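Each chain is listed here by its residues.
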Amino acid sequence: MSMSSGRNAEPERSRMSQTELLAIVGKHRAFLTKQPGGVRASFKLRDLSHMDLSGLNLAEADFSGAKLFGARMVDCVLTGASLYAADLRLANLERSDLRRADLRGACMRGAVLNQASMAEADLREGTIMHVRKDGSITPHEFDAVPVQTELSCATVVGADLSRAKLSNTFLVQSDLTDCIMRGAKMARANLTNTNLTGCDLKGADLTGANLTGAKLHGADLTGAELGLARFAGALMMGTILDDNARRAEEVLEGIHAPTPEDAGLDLSAMLVLHSEWVETGGREGARADLSSLDLSGVDLAGANLSAALLHCACLRKANLVGTSMPMADLSLADLRDANLSRADLRGASLERATLNGAQLVRADLGPVLIQSSTGRLWSANLHRARLDGANLTGAMLKRAVLSQSSLVGAVLKDAELSDAKMAGADLRDVDLANTDLDGADMADVVGMVH
């Protein structure tokens, strides 16, 4: 991209050798540790295309205008680094630390940023700069011309973009699945056809953003600013919205979960056919597919929904007391404030489901035995599920997968969590009185003193 005449022309960049890179990295290491001879690393206007910088600590380094096309930067520490107007197309930045990095005007088309830490990073538009003969970069002498930061067609799965500055950023057709974007500033960002499945967008500023055709299954938009945002054709089945957002005129443009009646379905008849399907091992009746339906407040207490499909269903405040749902698919479902006390959820998939405030007293989320030659145990899957404030008193969660789930303020008193997979779970302010955690994987758990 050009610093003086747009992205179509390229400024001259001298190629960096591996020997030179190692020398600069050595001096930068001394700079970071305040050792004699330390010099802050400068890669300004250098060509590092396809080079391997993985695992290096380049915090606060200067990559202004650098070409990093196809560079491998996995696990690279770039905290506070300047990547202003850098060319990062097709670069691999998986698990890199870009907190507070300056990425204004950078081009990251097709880059990979899975699990990257980008909290408070600045991805706003930059300004076309003038490159002088001595290599210095200064603002253009004429009227400032903005250069949009581009993150199109990028893969940014599970990255942390909390409080990041993304106003006016070009994010078309990128995969932002499961990203944490709490409080991010995304005013006027172009998110057309972007995958935001499972994203945490609480309190984000999406004023004037273009979300046309975006996928928002299971995305949490509570407290987000949505004024003048465009949601035409956006897939919003399973999207978590507060009451204000639900009534917003802008949100109504999206495609929402219909009620069974609006979809021309007879719920009672479907339940009868499903019971026949279960009882006859699939020979008669029909499996209930309630995916992407609005079942808010429905009374299904005691119903037989074994192995039913409820993917992206809205079951907010539903009565599911004693409901039989072993092996059911409830992934990305909205179960806020639902009553699932004594429900049979053995082996069920609740991956990325939202159960904030739900009642799961004595619910069975243990494993189910698959009838086969090996007799395999199939665990309940609550990976990345949201259970903040949920009541799981006396619940059975033996061998359950709760990795990276959020249980802030939940009650797990007398619960059975032996051999559960809890890695990366958030257990802040959780009531764990008499909870059985024998054999549970508690690696990287938040909120517990080990």
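Further up the page is the structure itself.
None of the values given here were measured: they were computed from a predicted structure.

Draft legend 1. Helix α3 (residues 267-279), seen in detail. Counted at 1.5 Å a residue, the expected span for α3 with its 13 residues is 18 Å, and the 18 Å between its end C-alpha atoms agrees. Turning to α3, its buried residues are Leu267, Met270, Leu271 and His274. Axial view of α3: buried residues confined to an arc of 100°, hence all on one face. Turned more than 90 degrees from where α3 packs its buried face, Ser268 and Glu279 sit exposed. Structurally, the start of α3 carries an N-cap: the backbone nitrogen of Ser268 is 3.2 Å from a side-chain oxygen of Asp266. Gly281 sits one or two positions beyond α3 and adopts a positive phi of about 65°.

Draft legend 2. Molecular detail of the side chain of His28. Relative to the elements of secondary structure, His28 occurs in helix α1 (residues 18-32). For His28, a relative accessible area of 0% translates into the label buried. When sequence neighbours within four positions are dropped, the list of residues in contact with His28 reads Val39, Arg40, Ala41, Asn57, Leu58, Ala59, Glu60 and Ala61.

Draft legend 3. Layout of the nonpolar core. Among the nonpolar cores identified, the biggest contains 72 residues, and Leu58 and Met181 are the most heavily contacted of them. Ranked by residues supplied to this core, first place goes to α1 with three residues. Contact partners of Leu58, with chain neighbours within four places excluded, come to Val25, His28, Ala41, Phe43, Leu53, Phe63, Cys76, Val77, Leu78 and Ala81. If you look at the next biggest cluster of nonpolar residues, it comprises 56 residues, including Leu271, Ala288, Leu305 and Val430.

Draft legend 4. Molecular detail of the environment of Ala30. Inspection of the secondary structure puts Ala30 in helix α1. Residue classification places Ala30 among the buried positions, given a relative accessible area of 14%. Separated by 10 residues in sequence, Ala30 and Arg40 place their C-alpha atoms 8.7 Å apart. Non-local contacts of Ala30, meaning those with residues more than four positions away in its chain, are made with Gln35, Pro36 and Gly38.

Draft legend 5. Local environment of the packing of aromatic side chains. Evaluated as defined, the whole model comprises one aromatic pair. Seen in terms of ring centroids, Phe43 and Phe63 are 4.6 Å apart; in terms of plane orientation they differ by 20°. Their pairing is stacked. Highlighted residues: Phe43 in the loop between α1 and β2 (46-47) and Phe63 in the loop between β2 and β3 (126-127), separated in sequence by 20 residues. Classification of Phe43 as buried rests on a relative accessible area of 0%.

Draft legend 6. Up close: the pattern of salt bridges. Counted according to the given criterion, the structure contains 19 salt bridges. The salt bridge involving Arg428 is made with Asp426; its shortest N-O contact spans 2.7 Å. We classify Arg428 as partly exposed; its relative accessible area is 40%. Several salt bridges converge on common partners, so that one network encompasses Asp178, Arg352 and Arg384.

So, how was this worked out
- Residues numbered from 1 in each chain as written.
- Predicted model: local features only at pLDDT ≥ 70, side-chain atom pairs only at ≥ 80, totals over all residues.
- Heavy atoms only, no water.
- Helix = DSSP H or I, 4+ residues; strand = E, 2+ residues; numbered from the N terminus.
- Expected span 1.5 Å × (residues − 1).
- Buried < 20%, exposed > 50% of the residue type's maximum accessible area, 1.4 Å probe, protein only.
- Arc of directions from axis to C-beta.
- Polar contact = N/O pair within 3.5 Å; in protein donor to acceptor, adjacent residues only side chain to side chain.
- Contact = heavy atoms within 4.5 Å.
- Core = buried A, V, L, I, M, F, W, Y, C linked by side-chain atoms within 4.5 Å.
- Phe/Tyr/Trp six-rings, centres within 6.5 Å; stacked < 30°, edge-to-face > 60°.
- Salt bridge = Lys/Arg side-chain N within 4 Å of Asp/Glu carboxyl O.

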